[in-house]
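Letter by letter, the chains look like this.
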2 protein chains.
Amino acid sequence: MTNGGMGSCKRSATGMNEIYKEYDRCWLRYDETRHKNCLSDLGDAVKYLYFNKSGEISRNAYTELIEGITRMTGSRPADTSSLEGPCLVLSVFGMDPKVDSMLIEEDMQSMQVEGFLIKQVNKPPTARLLITSKSERGLLYGVFKFLLLLTQGKSLENIYLLENPKNKLRMINQWDNLDGSIERGYAGRSILYSDNVLAKDRERITFYARLLASIGINGIVLNNVNVHREETRLIDDRIDIVRQLADIFRGYGIRIYLSINFASPIDLGGLSTADPLDMDVADWWKKRADYIYSHIPDFGGFLVKADSEHRPGPYTYGRNHADGANMLAAALKPHGGLVIWRCFVYNCQQDWRDKVTDRAKAAYDNYKYLDGSFDANVILQVKNGPMDFQVREPVSPLFGAMEQTNMMLELQITQEYTGQQRHLCYLVTQWKEILEFDTYATGEGTPVKSIVDGSAFGREHCGMAGVSNIGSDHNWTGHYLAQANLYGYGRLAWDPDLSAEEITLDWIHCSFGNDPVVVDVVSEMLLSSWPIYESYTAPLGIGWMVNPNHHYGPNVDGYEYSRWGTYHKADFQAIGVDRTKVGGTGFTAQYREPNFLRFESLETCPEELVLFFHRLPYTYRLKSGKTVIQHIYDTHFLGVEQAKQLRSKWESLKGRVDTERFGHVLSRLNEQVEHAKEWRDVINSYFYRKTGIPDEKGRTIY
Amino acid sequence: MTNGGMGSCKRSATGMNEIYKEYDRCWLRYDETRHKNCLSDLGDAVKYLYFNKSGEISRNAYTELIEGITRMTGSRPADTSSLEGPCLVLSVFGMDPKVDSMLIEEDMQSMQVEGFLIKQVNKPPTARLLITSKSERGLLYGVFKFLLLLTQGKSLENIYLLENPKNKLRMINQWDNLDGSIERGYAGRSILYSDNVLAKDRERITFYARLLASIGINGIVLNNVNVHREETRLIDDRIDIVRQLADIFRGYGIRIYLSINFASPIDLGGLSTADPLDMDVADWWKKRADYIYSHIPDFGGFLVKADSEHRPGPYTYGRNHADGANMLAAALKPHGGLVIWRCFVYNCQQDWRDKVTDRAKAAYDNYKYLDGSFDANVILQVKNGPMDFQVREPVSPLFGAMEQTNMMLELQITQEYTGQQRHLCYLVTQWKEILEFDTYATGEGTPVKSIVDGSAFGREHCGMAGVSNIGSDHNWTGHYLAQANLYGYGRLAWDPDLSAEEITLDWIHCSFGNDPVVVDVVSEMLLSSWPIYESYTAPLGIGWMVNPNHHYGPNVDGYEYSRWGTYHKADFQAIGVDRTKVGGTGFTAQYREPNFLRFESLETCPEELVLFFHRLPYTYRLKSGKTVIQHIYDTHFLGVEQAKQLRSKWESLKGRVDTERFGHVLSRLNEQVEHAKEWRDVINSYFYRKTGIPDEKGRTIY
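**Considerations on the overall build of chain A**
A count of helices and strands for chain A gives 21 helices and 18 strands. By the compact-globule yardstick of 27 Å for 702 residues, chain A fits well, its C-alpha radius of gyration being 26 Å. Across its three principal axes, chain A shows a C-alpha extent of roughly 80 × 65 × 50 Å. In chain A, which comprises 702 residues, the share counted as buried stands at 65%. For chain A, contacts bridging at least 24 residues in sequence account for 72% of all contacts bridging at least 6. When the 78 basic and 90 acidic side-chain charges of chain A are each reduced to a single mean position, those positions are 3 Å apart.

Here is the structure:
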């Protein structure tokens, strides 16, 4: 067994471990490394630590470094005040002239404020390893990077590693409610709140802040976008909860944000309106912002779900969303705060008989015409697809459509429609496809990642937001392997150019060590898991074949006769919604060329999305030569076999992974196999019963 | 306008009215009658009242009589101690020799203990009208009957009316939970409980007891058959709640019963088992019974849902249900208590792929072989159909199958699957069909009503139970007209021979007065409403096409791929489950001849149940000459038109019914019409999309 498993948490090399005994350390295990040779590259450098104590974040960076090295090497670096001998040097630029002198002009120019530099100065035996940044936050990121390198046993010889984050905003959205529930949470209760007060276990919140900082997260929205009565009061008499959380997250470089209730002037202020153009309303919000900043001077800003799924918003008053967002932005501007405005706006009272309205078009229709109307400290936060985090959707056409507007990409780390952390579904591969999707917004080569990092149109406030998947479960994420989704999200938010494979290996090394068999198998499992989940659930871009409300498990007509705008229109001969311009809803025309024509034409439409854009007879032959119906049957039979293979692969790791994690993941995979059969049989039976077309291979359909 | 409407409740003829102002008086309105001539039949008899004050129930009968006459005539009868002049005489037989002497031997012989006699003695001007019984309870029933006659303006000349109830047990089951919620309740919160204590408004509970007594109910189960943690304690430290309720209901002749948790010896007693054959368990229940009766000496007994839908029961310990029931019966026997044991036992973890298991067979399979094994104070309570209160089901084959077992019929007054008191669905017509269904248990002419009244097999403890439809809503039942279901249930429990038409007229007279237009229209509406509801929802005996869990609204596949044993198996060419002996699950064979063959043969199977018993192609021609699919289309289009007609009929009563009730019912009917369209369009679209067979009439299907 490579790693000691949970038991290893109980040894106390630094005296700091006991506080973690109630929960898993995720990728901050710092298990004793078998690659001590990598340290030998630096000779005695890791035995001594030169640290110019400064602010709280730096001190946390120092503590992290000490703990990491001590746990991995078994011996604690000694503090030194001398820069003459071999040592690690940890210092923010500008704090210590002796350290600064180790840098050259080129280092300084390339390093941005949140970036860091890891650099060897001198050769052994007097090699010094410098970790520096222009900011405390950058210093912390540098430490985590250094510890990652140690974990992987990467050669540190003559290291010169300078990294800057690609995205300015790297956010986590918590959908936590004050009562301790989590909307779409699949890993227990909130670690932040319980019974409308702050959760007692502050150490766990602190550890979460460490986890987030270790992957580069620099902002967190503390409450659910659906802001109910209790959460509305967070900007009022519950502000102390926010202040206390800000104090925790600040130490790890994470600014805090709140989801707000657009009707707060009515609900809290007793005004008769929340009209954004009403002077009293604007004034109320201005005073409210002053109040918040008097408690939390570095408060990040507001996240707003307005006019969506029965939430209040500007439409109530005949105003548009720029009116609403700009009014809030004016209140926050004097304090440097941001308004992050969600674009998840659509008609959730649609008549299923209505064949004209197309929910997929809603975000574009609601926002495109407002491009240029939003103030400089407003950002639009757009879900990756035009619907709602389905297992497969095209990229939202809003990306690339808004040239004069700050944009953020919203991803869902929590697996609402992708197996709810009971199925293995590693989403980094999906997210990579999204980030690399070429919008053609400034001609060929304008991928989504260049929109959300602001570079395509030179926007200042941009970035990524991910809906958290953690909760009070021992292992944080329900499924142990779902930790990889949180990890991967942070790494991509820092650098969308990273490959899924690279991120995956990093997570495995940190979580399972360096046994090449474990690394290979877990990597294969993760990287193949999203397509497998897709194959036994909803292939060809059909979505919403799930049970209503909780969204777990198959129900082909679950959303078919509903008011949510989510229809596949399957009948005895065809399935899918024609969203072409020529004969359908015209959604395709929201894309720029050549995407528009690519989706518009059945010839060029990517097959994995073909039923999203086109309505096809079951007998239509796909490029594979298979009919649509046979493709449905085949993928569902195949998907179950692939799910079984996932399980077999994991079983092959018996003895190589600690028994607790081995057993936990195996039990989830057993559930996945059984539930994949349920998906297979329900989907296949539904379509067989509807079409009467038998499986060419004569397999069992009910 | 015939009646004064709600406003009339505020006038205070007796000084007793104010306490009702918060809620409707239902059929105990006693509105001023326009038929004063009926009183003149008796001359001055109603101006004087001779009452030999005795027990609490008699005093309540006296108060009811005074109030009723006063409200209807505008003047209060004077008490008299003389039997010489014209007067009303109210007395329990044996209490007053002067009164008893007015009776002849024949009266005495015909009258059973709960029966009553209303009899004119002498002619005007010295006519005396005698209301008497062998019991206080019977006296109360006699008073209510007399007031009903007054309300209707029936001639009282030379009246001689002797009535005995046909069923010994006439029970109401409350599915109320202590927290104030009601399982399958559609009329607000519980009137009995709130926040785990007795509800504050005892007057309302008392009025409910009056309502129940007025229709002859003599037993009430105070809590939900699903007994959760809090309710388990009703036989323990919460016994005082039960005692207080018993004190209220006792005054109206209603004994109280409790649903119990079969695992109470574990949950309350700290035993390690609830095995009914374990001596400690039996002893625990014996002591528990002693404890209950020490608080409520006239406690009725236990209602038990065991081994059903995850409730604990004897099967946990490898025992049968006679073992379980008899053990409890032994504990209650010394006190004269009853065990009412529900037969709603089936596999609720069925695999939808399993084509052999048939939930319809479960009750018979679980109980038939135990006939003769149950103790004398055990009663089996059987739902009317083999499934679960669907809009149309065959009668349960258990009726007539158990010759040596006490049997009760369970009906659902609350409209779980029949429109949830948002749709008008008068169930008395359905219940009449059930009661009149010939089981052939003792040859031709053994209707269900003769099983449940005990006469067919000479059983002692028998009767009917109805799941209540009332709650905290002002009008008690959500839909005003749903009051008629509660009323009709009670009347049928008293006398299953009554016709639906007769009961309906009585309810209308009491509720709306005697305007013949109102009487005709409301009667038509009620009597046609069940077939109308059936037509736009689930015709031909298909059930379960509803949304899971809450059971409201159409969802054809809602229970199709579930674990509840509820399948229609619709595919592109056929629908229905073959339950024949010859080719199907064999459910038909649970019926006695000739029912077995009648259901078995497609030729003779009643068409309204044809898809319950047979699987048919959509193109099968029914006796009407229509195909199955065309029948589905036609009934759904027709049903919506009929729902509109219900609304038109009601609208024709504008000005004849008080504005509050007129508006309330109209708003429900508007909702019904809209929701009927939803049913029509979803069902028709589902089947059209599945079959591809167009409507012959070319109407719109989506």
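**Considering the relation of the copies chain A and chain B**
Superposition record for chain A on chain B: RMSD 0.0 Å, screw rotation 180 degrees, translation along axis 0.0 Å. Between the two chains, the operation in question is that of a two-fold axis. In terms of proximity to the rotation axis, the leading residue of chain A is A:K690, whose C-alpha is 2.4 Å off the axis. Residue by residue, 100% of the interface of chain A is reproduced at the interface of chain B, so both copies engage with the same surface.

**Quick look at the interface of chain A and chain B**
Each side of the interface is counted separately: chain A has 21 residues, and chain B has 21 residues. Surface buried jointly by chain A and chain B totals about 2,100 Å² across both partners, of which 55% is contributed by carbon and sulfur atoms. In terms of surface lost to chain B, no three residues of chain A exceed A:R353, A:Y561 and A:R689, which account for 35% of the buried area on that side. Inspection of the region where chain A meets chain B yields six salt bridges. Between B:E560 and A:R689 there is a salt bridge, with its nearest N and O atoms 2.9 Å apart. Taken together, the links from chain A to chain B amount to 12 residue pairs in polar contact (both at pLDDT 80 or more). In terms of residue class, the side of chain A that touches chain B is made up of eight nonpolar, three polar and 10 charged.

**Focus on the packing of helix α17 (residues 516-536) of chain A against helix α21 (residues 659-691) of chain A**
Residue and element names in this part refer to chain A. Two numbers describe how α17 lies on α21: the axes approach to 10 Å, and their chain directions differ by 25 degrees. Judged on the interaxial angle alone, α21 and α17 are roughly parallel. Where α17 abuts α21, its residues M525, Y533 and Y536 lie against L669, Q672, A676, W679 and R680. By residue class, the composition of the contact of α17 with α21 is six nonpolar, one polar and one charged.

**Some points on the sheet that holds strand β4 (residues 116-121) of chain A**
Residue and element names in this part refer to chain A. Strand order in the open sheet formed by six strands is β2-β1-β3-β5-β4-β6, with mixed pairing between adjacent strands. At either end of the open sheet lies a strand with only one pairing partner, and these are β2 (78-80) and β6 (160-163). Within the sheet, the average angular offset between the axes of one strand and its neighbour, ignoring direction, is 20 degrees. Relative to β2, strand β1 (residues 48-51) runs parallel, the two being bridged by three bridges. Its bridge partner lying in β2, Y50 is registered against T80.

**A word on the pairing of strand β5 (residues 128-133) of chain A**
On a regular strand, one side chain projects to one face of the sheet and the next to the other, so that they alternate. Residues and elements named next belong to chain A. Burial analysis of β5 places six of its six residues in the buried class, the great majority of the element. Pairing of strand β3 (residues 87-92) with β5 involves six bridges; the strand directions are parallel. Among the inter-strand pairings, S91 is bridged to a residue of β5, identified as T132. In the sheet, β4 pairs with β5 via five bridges, with the strands oriented antiparallel. Bridging from a neighbouring strand, L117 pairs with T132 of β5. Between β4 and β5, which follow one another and run antiparallel, lie six residues, and N122 among them has a positive phi close to 70 degrees.

**Here we look at helix α13 (residues 428-436) of chain A**
Note on helix geometry: an α-helix contains 3.6 residues per turn, so any two residues three or four positions apart are oriented the same way. Burial analysis of α13(A) places seven of its nine residues in the buried class, which makes it a mostly covered element. The inward-facing, buried residues of α13(A) contact β15 (406-412), α14 (448-452), β16 (463-467), α15 (483-494), α16 (500-512) and α17 of chain A.

**What to know about the sheet that holds strand β11 (residues 255-260) of chain A**
Residue and element names in this part refer to chain A. Spatially, eight strands are ordered β7-β10-β11-β12-β13-β14-β15-β16 in a closed barrel, and the strand pairing comes out parallel. Pairs of neighbouring strands in the sheet enclose a mean axial angle of 25 degrees, with direction left out of account. Two strands pair when backbone bridges link them, and β11 and strand β12 (residues 301-304) are joined in this way by four bridges, in the parallel orientation. Residue pairing across strands places I260 opposite V304, the latter belonging to β12. Where helix α8 (residues 239-250) meets the sheet, its contacts fall on β10 (219-221) and β11, and the angle it forms with β11 comes to roughly 145 degrees. α13 contacts β15 and β16 of the sheet and is inclined by roughly 160 degrees relative to β15.

**Some details on the confidence of the model for chain A**
Summary statistics for chain A give a mean pLDDT of 94 and a share of 96% for residues scoring 70 or more. Interface scoring of the predicted complex returns ipTM 0.88; its pTM is 0.92.

**A short note on unusual backbone geometry**
Backbone geometry follows two general trends: most residues other than glycine have a negative phi, and most peptide bonds adopt the trans configuration. Going from A:E593 to A:P594, the amide bond is cis rather than trans, its omega being 0 degrees. Residue position: A:P594 is located in the loop between β17 (574-575) and α18 (595-600). A positive phi angle, near 50 degrees, is found at A:D195, a position not held by glycine. In this fold, A:D195 is placed in the loop between β8 (193-194) and β9 (197-198). Unlike most non-glycine residues, B:Q420 shows phi in positive territory, near 50 degrees. By the element assignment, B:Q420 lies in the loop between β15 (406-412) and α13 (428-436).

**Looking at the pattern of salt bridges**
Residues and elements named next belong to chain B. For the coordinates displayed, the defined rule picks out 104 salt bridges over all chains. Residues E460 and K168 are paired through a salt bridge, measuring 3.3 Å at the closest nitrogen-oxygen approach. With E460 in the loop between α14 (448-452) and β16 (463-467) and K168 in the loop between β6 (160-163) and β7 (169-173), this residue pair connects regions lying 292 residues apart in the sequence. Note on K168: relative accessible area 39%, which makes it partly exposed.

**A word on the pairing of β3(A)**
Residue and element names in this part refer to chain A. Here β3 lies mainly inside the structure; six of its six residues are buried. Of the two faces of β3, the one holding C87, V89 and S91 and the one holding L88, L90 and V92 are both buried throughout. Note that β1 and β3 share three bridges and pair parallel. Bridged to L49 within β3 is L88.

**What about the side chain of B:S181?**
Residue and element names in this part refer to chain B. Inspection of the secondary structure puts S181 in the loop between β7 and β8 (193-194). One polar contact links S181 to D179, side chain to side chain, over a distance of 2.6 Å. If near-sequence neighbours (up to four positions away) are discounted, S181 is found in contact with W175, D176, R189 and S190.

**Here's the deal with the environment of B:Y552**
Residue and element names in this part refer to chain B. Along the chain, Y552 turns up in the loop between α17 (516-536) and β17 (574-575). Measuring from C-alpha to C-alpha, the distance between Y552 and R656 comes to 32 Å, with 104 residues separating the pair along the chain. Y552 has contacts with G419, Q420, R422, H423, N547, E671 and H675, leaving out every residue within four places of it along the chain. Among the polar contacts made by the side chain of Y552, one reaches the side chain of H675 at a distance of 3.4 Å.

**Description of the packing of aromatic side chains**
With the rule as written, the count across this model stands at 72 aromatic pairs over all chains. Note on A:F299 and A:F302: the rings are 5.9 Å apart at their centroids and 65 degrees apart in plane angle, and the pair reads as edge-to-face. For A:F302, a relative accessible area of 0% corresponds to the buried category. The ring of B:Y702 is capped by A:R353, whose NZ or CZ atom sits 5.8 Å from the centre of that ring. A cation sits over an aromatic face here: A:K690 above B:Y686, 5.8 Å from the ring centre.

**Details of the state of the cysteines**
Applying the stated rule across the entire model yields zero disulfides over all chains. Of the cysteine sulfurs around A:C510, a residue in no disulfide, the closest is that of A:C26, at 11 Å.

Definitions and limits used
- Residues numbered from 1 in each chain as written.
- Chains lettered and ligands numbered in written order.
- Predicted model: local features only at pLDDT ≥ 70, side-chain atom pairs only at ≥ 80, totals over all residues.
- Heavy atoms only, no water.
- Helix = DSSP H or I, 4+ residues; strand = E, 2+ residues; numbered from the N terminus.
- Rg over C-alpha atoms; globule rule 2.2 N^0.38 Å.
- Buried < 20%, exposed > 50% of the residue type's maximum accessible area, 1.4 Å probe, protein only.
- Contact = heavy atoms within 4.5 Å.
- Lys, Arg positive; Asp, Glu negative; His and termini not counted.
- Charge placed at Lys NZ, Arg CZ, Asp CG, Glu CD.
- Least-squares fit on C-alpha atoms with pLDDT ≥ 70 in both.
- Buried area = accessible area lost by both parts, 1.4 Å probe.
- Salt bridge = Lys/Arg side-chain N within 4 Å of Asp/Glu carboxyl O.
- Polar contact = N/O pair within 3.5 Å; in protein donor to acceptor, adjacent residues only side chain to side chain.
- Nonpolar A, V, L, I, M, F, W, Y, C, P; charged D, E, K, R; others polar.
- Axes fitted to C-alpha atoms, helices over the stretch in contact; angles between N-to-C directions.
- Parallel < 35°, antiparallel > 145°, perpendicular 65-115°, else oblique.
- Pairing = 2+ DSSP bridges.
- pLDDT = per-residue confidence, 0-100.
- Phe/Tyr/Trp six-rings, centres within 6.5 Å; stacked < 30°, edge-to-face > 60°.
- Lys NZ or Arg CZ within 6 Å of the ring centre and 35° of its normal.
- Disulfide = S-S within 2.5 Å.

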